Structure formats: structure tokens, C-alpha cells
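Residue-level structural notes
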Amino acid sequence: MMKALASPLRAQILGLLARGPLSYTEIMRSLGLSPDRDAGKFAYHLKTLVRTGLIRPNSEDGKYEITDLGRLAYGILKGLEERLSPRKRRMVVRTSRLAMEEFDRTRIAEALMREAGVPAELASRIAKEAEERLVMARVRYLTAPLIREFVNAILLEKGLEEYRHKMTRLGLPVYDVSKLLTSSPSWAVKAAACGKVLEEYALIGVLHRDVADGHLSGALHLEDLRHWTLGPSAIYHDLRPVLASGPAPAWAWACAPVKAPGELEDALLNAKLLVMACSREVGHEQVLPFLNLFLAPFAEGRNEEAIEKAVKRFLLELAGMGALDGGQRTTLGIVLTPPPDLEGLELPGPGGKLKAVEEVEEAAKLLAKAVLRSFMALKLATPSLGLVVSLDPRSTDEELLDLACELAEQLGLPVFSANHVPEARALDGSCHLPDWTGDWELDLLRTGRVGRVVLNLPRLAYKAGGRRGLEELLHSLRELVEMAIRASAQRRGLLSERARHKLMPALMAELNGDAYLRLRNASFPIAFVGLPEACLALTGELPHEGSDGLEAAMRILDTLSSLLVSSWGKLDLRCPLSAVCDAGVAERLARLDVERYGWAKVKVLTSRERPVYTTSRLVPESADVSREELLELEAKMHKRASGGHLLFLTPDEVPATGEELADLVLMALGKGVRALAFASELTYCSACRQAFRDQHPKCPACGRVSTITRLERTLHGYAWRPRGGERAW
Ligand SMILES: [Zn+2]
């Protein structure tokens, strides 16, 4: 029988009949044989097949058909053929270009050379091997990711790990996407899927290995990894250019911008265009500092009612925009007392006419009042709007301060920040100080901030231990800070590169010959978590409990800031020390430490069910200290952490009435606390579009139940907290 199959022509006949019965002439025609010339040869082959029982003539219609034996033999033959010569079987690949293409191993070789720089000869050897294995595996549904898996396995087997690393494919398992789809709204699915790829890209394809490992192991944490390679996480605007001569062309798109706005409404429209244009390039926050001051020339001569109407509309539009962008926040900076730097500054007014700050102070107050009253009237508590109220505690407008405190009491909203001493002029909760070039405009405006690199202090303390623990910790701090700075410097390099290639068109739009964003002045804060816990692990005392604990805290802070300041000059990198970090980071790092060291060693001041390290405070929330003592201790930390400090007081620590709040704000800022805010819980009704203080089972206004959402004022603004547990996204 094997002999019967040995002839290619006989194998072809068998193949034809495997698809269905055919007559003598049909077979001949299908094989392209001539009835005259080839008849003898053909008859011989056909007879051989019939004789061995592989095919038989059907007595009814005279057609030839394949027998069971013939079918079996043909199957074996095909299998052998495929194994012996791979190119015989056509493999179809579903490529990443969303096309079906015939398998071609040169594509693999090309990819190896292009993506990983594999030498040509080695690349084609690996491609050949991959092809052989794919054929052997008889894969039915061949996709580009699958081919990559084969290639990567071969690279690993050959010990070519570096090439393998570069060939990594980023993305999500099908399972994860399915889970996202069943638990999150559409925009969150998109954001999560895209964010995940960029995050992995940063970790696998960009960061130095030791930095990526440091992040994964929890020695440090890189905030905003998904935006790491894209642009700044936050930017600080300067409204004056768009108020003087209208938005840059790159910001206006199809909108018809108002060139030199003549009235407040047009000025606000231009501000909105600026925020809209930049929202696509900024990670999550845009700050409009000195808003009421810069807009003041446009409010002159307008009555309170008209100003408030225009401001309300502006706020609602910004709030809506943030919701559209899925998590973007605009933070408005209101000054109750103009800071000393701005003395004599000339501001553009209607039609580009200049006015000195002193001339428009009353209008600035009217605008501040309008902003505060609008927030209050609209009960505007939303994750997409932030408010910073800065003032001089020695001389501030009482009416405005009371309004701001009423807002704090009702909605927990504003961050109060000091602007009376040059080194304390925070523009937002995470703080941005004039301490870089020495020129307040360059330091504060048209610049950005990236996500922080957060150092895990308790881990260093667990590692150090012993009597000389503190010295050891201070020593090991060097290494960790070096790593954090290296990561920041690398990020700055990436962002500069993108800026050079004009890949941040709105941020780098040309404005009077300069790029709008002065990337050189952007800050790359280095932050920390768990300072009290680290002191406790080292000395057995929390910083507020005794001199050992406090001394340890101060020495850690001083060492950190001197390490950072010394690299400012060396690397020309603005990397201030920040005491603040994103919610969630402190929990992640604490959990990783518990996994690594166990409860015998790990110090947390929260419950074991939900371990979280202290962040942004020197005195933990549970501490039993007087208010004065608390403020004085926190002021010590604020002074040292110039790149971010925000004392966030819990409801237990906050007096009930707005009046008492005002006293507390003045006392805190007077004692050297540079920024503070108040926690509060709110109930938001989507039908009334209003937030109400405290938690309510039903809307206090309309009585509906299903429209209620829990809202919490956290360290970084508002966060939604739906009833029935944590949200999935
Ligand atoms: Zn309602």
C-alpha cells in the first residue's frame, strides 16, 4: 500500500477523491492531463489505486470514490508531508495590523532585528526554528501574539534574555478586560486599558531596572506611572497672556477665540479654552493661580450680581469638563491678600489696557467673593474642581475669610494656604514654591509638576534597626534618594524629548516667541510616607511622644532635604521634598511591608485589616496632643518639606462652626503651617445636583434615595464613595 502512495500523481488522485466522487474524465481534467497523450499512464495509476483498495468505481454512476482505507492512508500521507516540508501547509496569521496574512517567517526575523536589534543571521535562525515549532504544534488559530510567545520562548531557551525583554508585548489578558467590562463604565474601561499598557511600558521599557524593581518591591513608589512618558501630571497656568491677546492658535481649534477680551465673560471664555486645550496633555490637574487677581481688571465697574452670574457659569463649565475627561481636575487659586511679590505688577485689562494690582484690589475682592458664593450657592462639591484660598494671616479681609470658612464647614472644600512669607506661597494643595530661579513668575507660573517619587521610610527603619539604627537609616537614605532622583532626571529627559518633537502641542504652543510651558522649571517632587512609623520603629517613640522620636523625624527630614538640594545644582533638576503623596500609595507600601516583614516588625497606626502608613502628617490622626502643639509640630515639617505639605484635619479635630474654623485657619497659618484643609463627608444628589454635608440615607432636598452618592473630601479633593463598598475602577 505504501508503494501505491509513493507516486505523486496517485497521491493527487487520492486527494481529489477525498473531496468527493469523480468520473474518469473529470479526474483527468482536474489533474490537467491530456486524454490522448497521458491516457495510458493515467489508467495504470488508477488501476494501482483500485487494486490496493484505496479507491473503487461506483457501480451505479461509474464514478470513482475513495474508500475508508484510502481516506485513512491519505490522512497519514498529508500528516507526513506537513511534517517533512513545512512550507507545504499554508498557515494564516491574524496580525496585529488587523489583517489575515499568510505566514511568512521573514516577518519574524524582521521583527527580531527591528525591535530587539538581533543580528540578521541569528534572527533568521530563530525565525526558522519558530516556524518549525509552529508547524509541529499544528496551531489552528494562529495570531501574532501567539507567534510572539513561541519566539520569546525560543529566545529564553537560548539564554537571550535581553532580546526577549525587548520583544515583550504589553497589554491585558482577555480575562482582565472581561472583568473590567462587567464592573466599570465605558470611559473607565478605556482609561484602565490604556493606562495599564502605558504603566507596563514605563516599568518594562523605560525605567532603569533597579528603579522598576524598587517600585514593584515597594522600596519606593512612582506616582502617575501611566502618564510617566506622556507629559506633566499637573500644570500651573498664567492667564495673563490669554487675557491680553487671546489664546495661542493651538488652543482654539475650531472655536473663534476672543482676541483681546473686552469684558469678563470673554475673559472667562478664553480661560476655559486654555484649560480645555491643555486637558488632553496634562495628567490630572490644572491650576489657575491668582484667578481673581488676574481677572480683576475685567470685573471693574461690573456689579456683584453680574460678576457672580459669569463666575457661576464658568465653574459649572469647568466642573462638567472634568467629568468628561474622566478624572481631570481644575484647581482655582483665589488670593484674599495679594502676595508681596505682585506689588506694582501691571495686569492686562479690557482691550489690552494695563492696570496696576493696587488699582484693581477691590475688583479682585469682588471676584473672590463671587467664586466663594458661587461654590456655596451651587453646593459645588465635585472631584473635578479644586479651590485654594491663600491669605496673609496678619491682615486679611474678614468677610472673605468667613465666606471661605463657611464653605469649608459646609463642603470641606478649600485648601487654605499662607502667602505672607516669600518661602511659603503654595498655589495648590501639593504646593509649588518660588524657590528655583528666584523669579516668582518663572517659578510659579507656566510650569508643571510631575507625579511624585515616594520613598518608603518605614522599610528603611525595619532594615536598619539596632542602637545605631538612625545613623544607618540616614545612610541608606542616600541610596534611595539617588535612585529617586535618577528616575526623575530620566523622566525629565523623556518629557524634554517629547517637547522638542512638538508632541505636546498645546502645552508647548508658542506664545510671544516662548513655549507656553517652561518645562525647565517643572518640579519633580520626591515625597515620603510613614515618617511617624519610621521613628516609632527606630526609637520606640512617635515624633509627638518624646524628644527621641522628634529628633529622629527632624534628622530624617533635614537629611532628605539636604540630599535633594545638593542635587538641584548638580543635575539642574527641581526636585523638592514633599510630605504629601497620593491616596493609595501609603496603603500599597504598608501592605507590601506586611507581606515582607510580618506583623512582628511592621508598625502601622491604623487597623490591621487595612494597614496604611501616615502621609502628610508628622502627628498621626489618633494622637492625643493639644491643638497648639499639633500645629507647631506640623509647622516644623512644612518648613522642611518645601515641595508639598498639606495638613489635613479630620472631622474629630475640626471645630463645628465656621467662625471657629476661621480662628483655627489664622492660628495655623500664623504658627507656620503653610497649607491646611478639612475632611468632610458629603451626600451628593444627582437629581438636585447638590452636595449636602454629612451622610444622609436620602436626599435632604428632594427625598430621593437612588440618586444619592457618598462623597468624601480627601487629601486630594473629592472622591466618590458609592454605597455598598469600594468602586471597582
Ligand atoms: Zn435631591
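As the structure is a prediction and not an experimental result, all values here were calculated from the model. (Residues numbered from 1 in each chain as written. Predicted model: local features only at pLDDT ≥ 70, side-chain atom pairs only at ≥ 80, totals over all residues. Heavy atoms only, no water.)

Time to look at the overall build of the protein chain. Broken down by element type, the protein chain carries 27 helices and 25 strands. Taken over C-alpha atoms, the radius of gyration comes to 35 Å for the protein chain, far larger than the 27 Å a tight globule of 729 residues would show. Judged by the C-alpha coordinates and their principal axes, the protein chain covers about 115 × 70 × 55 Å. Within the protein chain, contacts between residues at least 6 apart in sequence are counted, and of these 71% link residues at least 24 apart. Of the roughly 33000 Å² of accessible surface on the protein chain, 52% is carried by carbon and sulfur atoms. Counting 96 positive and 95 negative side-chain charges, the protein chain places the averaged centre of each group 11 Å from the other. (Helix = DSSP H or I, 4+ residues; strand = E, 2+ residues; numbered from the N terminus. Rg over C-alpha atoms; globule rule 2.2 N^0.38 Å. Contact = heavy atoms within 4.5 Å. Areas by Shrake-Rupley, 256 points an atom, 1.4 Å probe, with all protein chains shown as cover. Lys, Arg positive; Asp, Glu negative; His and termini not counted. Charge placed at Lys NZ, Arg CZ, Asp CG, Glu CD.)

Attention shifts here to the sheet that holds strand β5 (residues 142–143). Read across the sheet, three strands follow the order β4-β3-β5 without closing on themselves; strand pairing throughout is mixed. This sheet does not close on itself; its edge strands, each paired only once, are β4 (100–102) and β5. Bridge analysis of strand β3 (residues 92–94) against β4 gives three bridges, and the strand direction is antiparallel. Across the sheet, the residue bridging to Val 92 is Glu 102, located in β4. (Pairing = 2+ DSSP bridges.)

As a further point, take the domain arrangement of the protein chain. We note that the domain assignment places domain 1 (2–84), domain 2 (92–166), domain 3 (174–206), domain 4 (234–435), domain 5 (450–578 + 582–615) and domain 6 (679–729) within the protein chain. On a C-alpha basis, the centres of domain 2 and domain 5 stand 42 Å from each other. (Domains from an automatic or database assignment.)

Attention now goes to the sheet that holds strand β6 (residues 220–222). Spatial ordering of the open sheet is given by β6-β15-β18-β19, a layout of four strands whose pairing is mixed. Because the sheet does not close on itself, it has two edges, and the strands there are β6 and β19 (577–578). Of the strand pairs in this sheet, β6 and strand β15 (residues 453–456) are connected by three bridges, and their pairing is antiparallel. Bridge pairing in β15 links Leu 220 to Leu 455. Against the sheet, helix α21 (residues 457–464) contacts β15 and β18 (526–529), and its axis sits at roughly 30 degrees relative to β15. (Axes fitted to C-alpha atoms, helices over the stretch in contact; angles between N-to-C directions.)

In this section: the confidence of the model for the protein chain. Confidence in the prediction for the protein chain averages 86 pLDDT; 92% of positions are at 70 or higher. Across the protein chain, β15 holds the top mean pLDDT of 97, while strand β25 (residues 717–721) sits lowest at 69. Taken together, the stretch residues 723–729 has pLDDT below 50 and engages in 13 contacts with residues farther than four places along the chain or on a different chain. (pLDDT = per-residue confidence, 0-100.)

This part takes up unusual backbone geometry. With a phi close to 55 degrees, Phe 290 is a non-glycine residue in the positive phi region. Tracing the backbone shows Phe 290 in the loop between β8 (285–288) and α16 (291–299). Residue Asp 572 is not a glycine yet carries a positive backbone phi of 55 degrees. Within the secondary structure, Asp 572 is located in the loop between α24 (547–571) and β19.

Right, let's talk about the environment of Ser 233 for a bit. Summarising the element assignment, Ser 233 is placed in the loop between β6 and β7 (234–236). A residue is classified by how much of its surface remains accessible, and Ser 233, at 0% relative accessible area, is buried. Separated by 215 residues in sequence, Ser 233 and Gly 448 place their C-alpha atoms 7.4 Å apart. Apart from the residues lying within four places of it in its own chain, the contact partners of Ser 233 are Asp 224, Val 282, Gly 283, His 284, Glu 285, Arg 449, Val 450, Gly 451 and Arg 491. For Ser 233, the side chain forms a polar contact with the side chain of Asp 224, separated by 2.4 Å. Engagement of the side chain of Ser 233 in a polar contact is seen with the backbone nitrogen of Gly 451, the distance being 2.8 Å. (Buried < 20%, exposed > 50% of the residue type's maximum accessible area, 1.4 Å probe, protein only. Polar contact = N/O pair within 3.5 Å; in protein donor to acceptor, adjacent residues only side chain to side chain.)

Turning next to the pairing of strand β9 (residues 329–335). Counting buried positions over the seven residues of β9 gives seven, a clear majority of the element. Here β9 shows no split at all, with Arg 329, Thr 331, Gly 333 and Val 335 on one side and Thr 330, Leu 332 and Ile 334 on the other all buried. Examined bridge by bridge, β8 and β9 share four bridges and lie parallel to one another. Pairing of Val 287 across the sheet is with Thr 331, part of β9.

This next bit is on the coordination of the zinc ion. Surrounding the zinc ion are the protein donor atoms Cys 685 (SG), Cys 688 (SG), Cys 699 (SG) and Cys 702 (SG), at 2.1 to 2.3 Å. Bound by four donor atoms, the zinc ion shows angles of 104 to 114 degrees at the metal and therefore tetrahedral coordination geometry. Every donor residue of the zinc ion comes from the same chain, spaced as C-x2-C-x10-C-x2-C. A residue is classified by how much of its surface remains accessible, and Cys 685, at 0% relative accessible area, is buried. (Donors = N, O, S within 2.8 Å, 3.2 Å for Na, K, Ca; no water. Tetrahedral: all angles 85-135°; square planar, octahedral: opposite > 155°, others 65-115°.)

Turning our eyes to something else, we now look at the pattern of salt bridges. Here the structure, examined in full by the defined rule, presents 41 salt bridges. Put simply, Arg 226 and Glu 199 hold a salt bridge, and the shortest N to O gap is 2.9 Å. Of this pair, Arg 226 sits in the loop between β6 and β7 while Glu 199 sits in helix α11 (residues 186–206), and the two are 27 residues apart along the sequence. The exposure class assigned to Glu 199 is partly exposed, which follows from its relative accessible area of 21%. (Salt bridge = Lys/Arg side-chain N within 4 Å of Asp/Glu carboxyl O.)

Moving on, we get to the packing of aromatic side chains. Taken as a whole, this structure holds five aromatic pairs when the rule is applied. When the centroid spacing of 5.0 Å and the interplanar angle of 70 degrees are considered together, the rings of Tyr 24 and Phe 42 count as edge-to-face. Of this pair, Tyr 24 sits in helix α3 (residues 24–30) while Phe 42 is found in helix α4 (residues 39–51), placing the two residues 18 residues apart along the sequence. Note on Phe 42: relative accessible area 0%, which makes it buried. (Phe/Tyr/Trp six-rings, centres within 6.5 Å; stacked < 30°, edge-to-face > 60°.)

We now examine the pairing of strand β23 (residues 690–693). Here strand β22 (residues 680–685) runs beside β23; their pairing, made up of four bridges, is antiparallel. From the neighbouring strand, Thr 683 faces β23, where its bridge partner is Phe 692. Connecting the antiparallel pair β22 and β23 is a turn made up of four residues, with Arg 689 showing a positive phi of about 50 degrees.

We now examine a negative patch on the surface. Residues Glu 398, Asp 402, Glu 406, Glu 659, Glu 660 and Asp 663 make up a contiguous surface patch of negative charge. Elements supplying a minimum of two residues to the negative patch: α19 (398–411) and α27 (658–670). Its place among the elements puts Glu 660 in helix α27. (Patch = residues over 30% accessible without salt bridge, like charges linked within 9 Å, V, L, I, M, F, W, Y side chains within 5 Å.)

Another point: the packing of α21 against helix α25 (residues 585–597). Interaxial distance between α21 and α25 falls to 10 Å at its minimum, and their mutual angle equals 20 degrees. Relative to α25, α21 is oriented roughly parallel. As for the relative orientation of α21 and α25, their crossing is right-handed in sense. On the side of α21, the interface is formed by Pro 458, Arg 459, Tyr 462 and Lys 463, while α25 contributes Leu 592, Asp 593, Arg 596 and Tyr 597. (Parallel < 35°, antiparallel > 145°, perpendicular 65-115°, else oblique. Left-handed = near helix turned anticlockwise from the far one by under 90°.)

To continue, consider helix α22 (residues 469–500). The end-to-end C-alpha distance of α22 is 46 Å, a good match for the 46 Å that 32 residues give at a rise of 1.5 Å each. Of the residues flanking the end of α22, it is Lys 502, one or two places downstream, whose phi is positive at about 55 degrees. (Expected span 1.5 Å × (residues − 1).)

One can find Thr 330 in strand β9. Thr 330 gets classed as buried once you look at its relative accessible area, which sits at 4%. Discounting chain neighbours no more than four positions away, the residues touching Thr 330 are Val 275, Gln 286, Leu 288, Leu 318, Ser 384, Leu 385 and Gly 386.

Along the chain, Thr 396 falls in the loop between β12 (385–391) and α19. Thr 396 gets classed as buried once you look at its relative accessible area, which sits at 19%. If sequence neighbours within four positions are ignored, Thr 396 has contacts with Leu 336, Thr 337, Leu 391, Leu 401 and Leu 666.

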